[in-house]
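# Chain and residue survey
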Amino acid sequence: MTGGERRPAIIIAATPTSNGDLHVGHLAGPYLAGDIYARYLRANGRPVTYTTCTDDSQSYVVTTAHRRQVTPAELVSRSTAAIQRTLEATGISMAPLPPIDEKYRRTVLGFLGALRALGRFRLRTVRLPYAQHAGTFLYDGLVSGVCPHCLANSSGGGCENCGHPNNYDELLEPVSSLDPADPVTHRDATILVLPLEEYRERLTAYFAEHAERWRPHARQLVRELLARPLPDVPVTVPGSWGIAAPFPETPGQVLYPWVEAMPASMYSTWQAAGAPAEATDRLWRRENDAELVYFHGFDNVYHWGLMDLVFLMAHGDRYVTPAANVCNEFYDLDGEKFSTSRNHLVWAADLVAEVPRDLVRFYLALTGPECQRTNFDRAALTGVIERRLVRPWNALSDALSLALSGVDIRSPLPVTVAGQARAELLRQRFRACYELADYSPARAAETVLSNLGRMRAAAEALDRGEHGGTIGDLLLEIRTLLAGAAPILADAAAEAADDGVDLRFDRTQPGAVPAFLLPLLPSGARPAADRSAELATVAGGAA
Ligand SMILES: [Zn+2]
Ligand SMILES: [Zn+2]
């Protein structure tokens, strides 16, 4: 093992907008994928911070609050509580959502104030959509229209369909989201911007080094973005919701919501570390040498991939840059994108209230939209998971239990060299699924499923005295399978760990392995039985 393998990791899931709870599409996207990666790294002995932060300043808070007839502040407070409950209920091993308070505001202003002092911002006069009756400028969720790049319906700021940004007056046929009857014209406004084009050379070098780790669709978008003139990112906007911009050159303006993402992530990292008495950005500084990994959707490739990267680069060499952006596609429900505004969704919290969360996590991992859009199917969740996971897993558990009966398990059971080699093959298969180069929880889940029947047959053969291997070999293989499944099946893994099963992933294959029972998975209908009494019986029988 090299020292590099103990590098601290900072894993950031896209900051959820606090305008509603998380639905299954959100969960199947960044939050579960990031959680599985975080659990994998912890099993390898890596110090891991997995965190996110609510994105309270987004204009979508204003539009949703308007639709629901509540104040934006009420919506933020309710949504934050709901998101927190859902993250816990689904077993996302994250630090609690940090409070958006004065310390948060100071962190954001410190990050941007430093860039302003370094002379990175430019004052530009731009043309913005303007709602005539309301007398307000429109940006992001406050305006909808037609994407100038792909002609799909789009909000301001960026297009969910093609992923390209649209800024200022670029959105075609603009309509006010709050009042579609309010005539929209364009007016000049003088704002601060960060010109991405000034960072082209560094961006090109960065992507030359990192493109291989991007999934194909996101990589295509990055290539398209770099093939065009890069936009000036607004730093301030003439709006009313968000953090007031304290800069004398832009009186009365607020910070453009998207420029909060990097300092927000630093702040939540600092909070996750227990709010130590040090600068909130310390863990992100280059000398801390953290491995930084983002998990986000395709619709955030421009923001988390390009724009936020430039905000880090604009600080010179002060901060680490991401080792990888793991991007998911959209998850569909009945063949159409999950949508809160159209109420076309399944709430994540409702689903885990009905189905044991390990089974939900496994199904979402197995079918998650890694490289293209995939479909969530409630009936398949129950049917496929029962047939392909729960029954064969529990049958393997029973077969192992039978194979162990009558075996003296007071000391660890010897493993042959051939048994070590087989366990190592399996471990390397899982590694290939969980390492960033080709990260795929779907392939890890499939690897679990494809081994259950084979191992059960081996256990039954051993029980009949037919198998060529040893019980120690079988135990090591099953333990490797359990360790490979552990980042997904969080509750089963916790139960095994409580029983003392060593699920660390960074060990060389041992010459002997202590006996254990494979925890049963709950079926949709019945909770998993407590098996500690059974192992005691097995142990008693052997003694
Ligand atoms: Zn588009
Ligand atoms: Zn093969």
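Our subject is the structure that appears above.
Our subject in this report is the structure included herewith. (Residues numbered from 1 in each chain as written. Chains lettered and ligands numbered in written order. Predicted model: local features only at pLDDT ≥ 70, side-chain atom pairs only at ≥ 80, totals over all residues. Heavy atoms only, no water.)

## Remarks on the nonpolar core
Inclusion rule: As used here, the term nonpolar core means buried Ala, Val, Leu, Ile, Met, Phe, Trp, Tyr and Cys residues forming a set that is joined through side-chain atoms within 4.5 Å. The cut-offs for exposure are 20% and 50% of the maximum accessible area for each residue type, with area from a 1.4 Å probe on protein chains only; residues under the lower value are buried, those over the upper are exposed, and the others partly exposed. Put simply, DSSP H or I for four residues or longer makes a helix, DSSP E for two residues or longer makes a strand, and each gets a number counted from the N terminus. It only takes one pair of heavy atoms within 4.5 Å for two residues to be counted as in contact.
Grouped together as the largest cluster of nonpolar side chains are 96 residues, with contacts concentrated most on Leu364, Phe376, Leu389 and Trp393. Looking at this core element by element, the count peaks at 11 residues for helix 1 (residues 24–43). Setting aside residues no more than four positions away along its own chain, Trp393 makes contact with Val448, Leu452, Leu482, Ala485, Leu489, Leu518, Pro519, Leu520 and Leu521. Ranked by size, the runner-up nonpolar core spans 69 residues in total, among them Val108, Tyr139, Ala264 and Leu309.

## Details of the coordination of the zinc ion (ligand 1)
Test applied: Atoms of type N, O and S within 2.8 Å of a metal are treated as its donors, and for Na, K and Ca the window is 3.2 Å; water is not considered, so some sites may appear to be missing partners. Working rule for geometry: tetrahedral if four donors all subtend angles between 85 and 135 degrees; square planar for four, octahedral for six, if opposite donors exceed 155 degrees and the others stay between 65 and 115; irregular in every other situation.
Those protein atoms acting as donors to the zinc ion (ligand 1) are Cys147 (SG), Cys150 (SG), Cys159 (SG) and Cys162 (SG), and they sit at 2.3 to 2.4 Å. If you look at the zinc ion (ligand 1), its 4 donor atoms make angles of 106 to 114 degrees with each other, and the shape they trace is tetrahedral. Mapping the donors of the zinc ion (ligand 1) onto the primary sequence gives the spacing C-x2-C-x8-C-x2-C. For Cys162, a relative accessible area of 15% corresponds to the buried category.

## Brief notes about the sheet that holds strand 4 (residues 136–137)
Within a sheet, each strand pairs with its neighbour through backbone hydrogen bonds, oriented either parallel or antiparallel. The following threshold applies: Following DSSP output, two strands are said to pair if at least two bridges run between them.
Spatially, the 4 strands line up as an open sheet ordered 4-3-10-11, and their pairing is antiparallel. Only two strands of the sheet have a single neighbouring strand rather than two, namely strand 4 and strand 11 (232–234). With 2 bridges connecting them, strand 3 (residues 122–131) and strand 4 associate as antiparallel partners. In the sheet register, Tyr130 faces strand 4, and the bridge partner there is Phe137.

## Comments concerning helix 12 (residues 417–434)
The criterion, for reference: One less than the residue count of a helix, multiplied by 1.5 Å, gives the span that helix is expected to have. In this description, the arc belongs to the directions extending from the helix axis to the C-beta atoms.
Here helix 12 contains 18 residues, and its C-alpha end-to-end distance of 26 Å stays within 8% of the 26 Å for a straight helix at 1.5 Å per residue. Turning to helix 12, its buried residues are Gly419, Ala423, Leu426, Arg427, Phe430, Arg431, Cys433 and Tyr434. Down the axis of helix 12, the buried set is contained in an arc of 155 degrees. They therefore lie on one face. In helix 12, the exposed positions that point more than 90 degrees away from the buried face belong to Val417, Leu425 and Arg429. Those residues of helix 12 that are buried lie in contact with helix 1, helix 13 (441–463) and helix 14 (471–485).

Just geometry here; none of it tells us what the structure is for.
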